[in-house]
Amino acid sequence: MPRPVAMPRPARSPRRAQPGFRRAPLRVSRAGPAGRSRARVRRLAATLLLCLSLRTAVAAAQPAASPDEPAPEVIVIEGGEDVVRPEADAAPAAPLPSSGYQPGSRTVISRAQFADTQQTVADVLQEVPGVTVVRAGDALAPAKVSIRGSRPDQVLLIIDGVPVRQETGDAAQGRAQGRQGADLARLPLEQVESIEVLRGAASSLYGPGAAAGAVIVRTRRAARRQVELAATAGTSGYREWQGAWSEPLRDGVASLRLNHRRSDGEYLYFDPLLAQGTAASVGAAAQRCAPVVERVYRLRRCNARELSALALDWRRGADQRWSAELSAERRDGLGGVQDPRPFGREEQRRVALGFADVHPLDGEDRWGLTLNGAHREETRTENRTLPAAPLLHQRESQAFGDAWRELWLGRQQWRLGGSAQQQALVDDTFDAARSQGALYAQWRAHLPRGTLEAALRQDAFSDIAAQGTYRLAASHFVLGPVGGKVSQGTGYRPPTLNELFDPGSELGPSAANPALRPEASLSQEAGLFLDLEPTFYAEAQAFRQVLEEAIVLTARADNPNRFRFENVSRTRSEGLELSANLRAPGGWNLDGAWTRQTALIEANDRLDPRDNGKRVPGVPDEHWSATLAWRPAPGWSAWAGTRYQGRRFVDTANTRFLRAYQVTDLGATAPLGWGLELALDVRNATNETYAELENFPAPGRQLLLTLRWRLHAPGGDSGPAGPGNPGAPPGSGAGARPERPAGSTPSPLR
């Protein structure tokens with residue numbers, strides 16, 4: 001797991017940034033007593049390895065930095081800090097901050113840890129403790145993130161400071177097919193500068209939708225002239241072409257980025273009907289899309305997906321940023337895998353415009369403004385064997401604005417602000433609109449050996465009741481490098497417009513229920529950490545998360561064949577998260593993470609009281625990962641990683657479950673000269689067949705080969721644009737940090 005990054009501890013000496021390392025996920029499956037025995041041996045070996053690593057970290061002296069090497073620049077981002085190399089003429093920056101000063105369960109992943117790899121955003125997140133990634137196929141298939149047993153739509157995705165909330169047409173079928181929640185596959189990792197994961201309720205910090213947590217993504221910003229081209233080819237018909245060009249323009253830098261990705265989406269999946277010998281015979285069209293292979297497996301075809309995007313960006317000075325994005329998507333195979341019929345097609349087109357301005361006021365105080373507007377059109381047909389009339393034609397428009405002011409009063413940091421959002425949704429059966437406004441206050445006290453944090457937020461809606469949320473958190477070094485953390489917060493997810501108003505069709509389920517209430521959550525955390533900077537950091541967090549008023553599909557009393565959404569259940573997830581990071585001399589980096597949790601259905605009386613006390617379907621009871629990376633010189637790297645996921649129940653009665661699995665990935669990069677670089681990824685090296693959910697399999701072995709060419713103008717490397725980035729709160733950017741009182745820390749509130 002990437003180490004979380006937070007605020008500097010004044011008492012400790014400055015240190016140089018160590019090279020970042022890619023942390024690859026992997027996969028192989030074990031079943032039966034022999035497999036469980038081997039898993040225990042592996043866990044014991046991993047524990048011994050971590051103990052030896054700790055001893056090495058304590059004994060190892062910090063390597064001396066080259067006198068010609070510039071100090072790292074600390075770039076403030078949402079809720080944490082990122083570390084990048086400064087421009088050649090930039091002034092030396094503050095030391096890398098200590099992870100122990102960041103309250104709550106936060107993990108910040110910088111670009112140095114995944115640069116120049118064929119990973120996806122989902123690959124990076126699946127090694128964070130408490131995070132489960134639900135895939136619907138290969139690297140380009142839809143991928144949704146779950147935190148501590150939540151549904152994917154209870155996790156909020158924020159890109160450059162703008163929340164991503166996309167409606168799913170035909171909400172009932174979307175829930176049944178796993179189509180709800182933000183799709184991480186839509187975002188190319190090459191365009192990402194940093195990723196932050198906040199586990200636990202976070203609506204008081206980031207707004208509606210963060211009932212179980214938030215994923216904050218900050219995209220790359222060019223700082224000077226550069227050209228970059230890359231091409232990737234892989235198995236299952238995967239192809240990717242991307243190009244980027246930035247050019248100084250007047251008093252700023254203009255950037256253009258193109259990306260096109262395509263995959264045939266072929267993968268093996270286990271068919272339980274074949275295993276039972278009850279599979280019905282299918283026609284030629286079905287055999288073409290799902291032929292039987294290896295007795296009980298099918299090869300899923302007719303599942304191609306294409307994603308294209310064009311992004312324009314102009315950063316004016318260090319304060320303003322203008323952006324525009326055009327994207328298009330085509331996806332075949334909209335259903336699950338057990339129905340072998342050829343499925344329909346979904347096409348989407350989206351345009352978005354954005355503006356951000358962050359200005360310093362007197363001394364240390366700042367103000368900021370973010371504006372964003374987006375329009376999306378979606379067309380979907382159900383089956384290519386039926387008439388070609390569209391099943392759905394949906395249009396969605398959104399406008400978002402956020403304004404805030406940050407004040408420093410000694411060691412106390414305040415952020416006061418408000419936001420507004422307007423959403424309109426029109427399709428063939430209904431049209432609806434929602435207005436939302438919010439006021440929030442966030443406070444941090446930066447103490448010599450710790451941090452206190454508090455946040456309050458009030459949201460008002462035009463169609464549902466107002467919602468208030470809070471968050472309290474603290475971290476403190478108790479004895480030397482050993483400290484403790486504690487936090488508590490509330491969150492919620494409002495029902496979508498489709499869930500409230502979509503009447504469905506006479507032939508399909510009905511999702512309409514204007515009386516739906518928001519889903520509410522309460523998260524509590526407490527833990528210990530050991531911070532031996534800069535070589536070793538370890539953290540243990542015990543957590544408890546309760547989700548109430550869960551919205552589920554229920555059969556209608558007047559017609560059991562039709563359904564609608566209801567607030568019916570309460571779930572509770574409890575567990576323990578462990579993580580550790582070791583940075584050793586010689587360019588070695590070792591990451592490890594382990595999660596053990598129990599997700600229970602506490603109250604399901606309105607649906608089926610017999611489910612009370614049963615496990616929540618789809619939530620693994622155990623998850624761990626380990627990654628070893630080596631970067632001996634710039635441009636050279638090699639890594640190996642493994643990821644284990646325990647068994648998951650398929651139904652609420654807990655009568656069926658999916659077996660546990662373990663996956664192993666390998667990768668390497670090498671420079672070829674003249675700005676060329678070659679990278680190879682081997683995913684699921686042992687070709688293990690497994691499934692994340694019953695109807696959504698993950699693929700077998702995949703090979704990806706990338707050739708990348710870069711041409712930079714003289715000077716430092718490109719990097720974050722600081723305050724011009726709407727995803728970065730005040731204090732961002734090279735040279736942007738003002739002098740603080742002795743012992744204070746510059747980490748932002750958000």
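This is a predicted model, so every value here is computed, not measured.

Participant: Can you explain the pairing of strand β30 (residues 588-603)? Please cite residues and give values.
Facilitator: Note that strand β29 (residues 563-584) and β30 share 15 bridges and pair antiparallel. Note on β30: the bridge partner recorded for Leu578 is Trp594. As consecutive antiparallel partners, β29 and β30 are separated by three residues, and within that stretch Gly586 has a phi angle of approximately 90°, a positive value. Examined bridge by bridge, β30 and strand β31 (residues 622-633) share nine bridges and lie antiparallel to one another.

Participant: Any chance you could break down the pairing of strand β27 (residues 519-532) for me, citing the residues and the numbers?
Facilitator: Of the pairings in the sheet, the one linking strand β26 (residues 482-493) to β27 comprises 12 bridges and is antiparallel in character. In the sheet register, Ser487 faces β27, and the bridge partner there is Glu525. Here 13 bridges tie β27 to strand β28 (residues 536-555), and the two strands are oriented antiparallel to one another. The residue of β28 that forms the bridge with Glu525 is Phe543. Where β27 hands over to β28, the hairpin turn is made up of three residues, counted between the paired strands.

Participant: A description of the sheet that holds strand β16 (residues 297-300) should follow, citing residues and the corresponding values.
Facilitator: Read from one edge to the other, the open sheet built from three strands follows the order β14-β16-β15, with strand pairing classed as antiparallel. Two strands lie at the open edges of the sheet, namely β14 (267-270) and β15 (292-293), each paired on one side alone. In terms of strand pairing, β15 meets β16 through two bridges, oriented antiparallel. Considered in β16, the bridge of Val292 is made with Arg298.

Participant: Pulling in residues and values, what's your account of the confidence of the model for the protein chain?
Facilitator: In the predicted model, the protein chain carries a mean pLDDT of 76, and 74% of its residues have values of at least 70. Low pLDDT, under 50, characterises residues 1-41; the predicted model gives this stretch 173 contacts beyond four residues in sequence or across chains. Contacts of residues 43-97 to residues separated by more than four positions or lying in other chains number 131 contacts, the stretch itself having pLDDT below 50.

Participant: Describe the side chain of Ser419, listing the residues and the values that go with them.
Facilitator: Along the chain, Ser419 falls in strand β22 (residues 412-426). We classify Ser419 as buried; its relative accessible area is 11%. Of note is the side chain of Ser419, whose polar atom sits 3.2 Å from the side chain of Arg457. Contact partners of Ser419, with chain neighbours within four places excluded, come to Phe400, Gly401, Asp402, Gln436, Gly437, Ala438 and Arg457.

Participant: Run through the sheet that holds strand β8 (residues 162-164), naming residues and quoting values.
Facilitator: Ordered by their spatial adjacency, five strands build an open sheet running β4-β9-β10-β7-β8, and the pairing between neighbours is mixed. Taken across any chain shown, the strands that pair with only one partner, and hence form the sheet edges, are β4 (105-110) and β8. The mean angle between the axes of side-by-side strands here comes to 20°, regardless of whether they run parallel or antiparallel. Here strand β9 (residues 192-199) runs beside strand β10 (residues 213-219); their pairing, made up of seven bridges, is antiparallel. Within the sheet, the bridge partner assigned to Leu198 lies in β10 and is Ala214.

Participant: Hey, could you go over the nonpolar core for me, with residue numbers and the actual values?
Facilitator: A general tendency of soluble globular proteins is for nonpolar side chains to be buried together. Ranked by internal contacts, the top residues of the largest apolar core, which has 24 residues, are Val121, Leu125, Val131, Val192, Ile195 and Val215. Residue assignment for this core shows that the elements contributing at least two residues are α2 (121-125), β5 (131-135), β6 (143-147), β7 (155-159), β9 and β10. Once residues within four sequence positions are removed from consideration, Leu125 is found in contact with Val131, Val133, Leu184, Ile195, Val197 and Val215. Listed in part, the 10 residues of the second largest apolar core include Leu198, Leu205, Ala210 and Ile216.

Criteria and cut-off values
- All chains use their own residue numbering, which begins from 1 and follows the written sequence.
- Thresholds applied to this predicted model are a pLDDT of at least 70 for local features of residues and 80 or more for the giving and counting of side-chain atom pairs; totals over whole chains, interfaces and linings are not thresholded and use all residues.
- Think of the side-chain values as coming from all heavy atoms in the structure, minus any hydrogens and water.
- One requirement defines pairing of two strands: DSSP has to find at least two bridges between them.
- Here a strand is any run of E in DSSP of at least two residues, a helix any run of H or I of at least four, and the numbering for each starts at the N terminus.
- A residue's pLDDT is the predictor's confidence in that residue, given on a scale from 0 to 100.
- In what follows, a contact means two residues having at least one pair of non-hydrogen atoms within 4.5 Å.
- Burial classes follow relative accessibility: with a 1.4 Å probe on protein chains only, a residue under 20% of its type's maximum area counts as buried, one over 50% as exposed, and anything between as partly exposed.
- Here a polar contact is taken to be a pair of N or O atoms separated by no more than 3.5 Å, where protein atoms must pair a possible hydrogen donor with a possible acceptor and residues adjacent in sequence count only if both atoms sit in side chains.
- A fitted line through C-alpha atoms serves as each axis, taken over the contacting stretch for helices, and the angle formed by two N-to-C directions is quoted from 0 to 180°.
- The term nonpolar core refers to a set of buried residues drawn from Ala, Val, Leu, Ile, Met, Phe, Trp, Tyr and Cys, joined through side-chain atoms within 4.5 Å.

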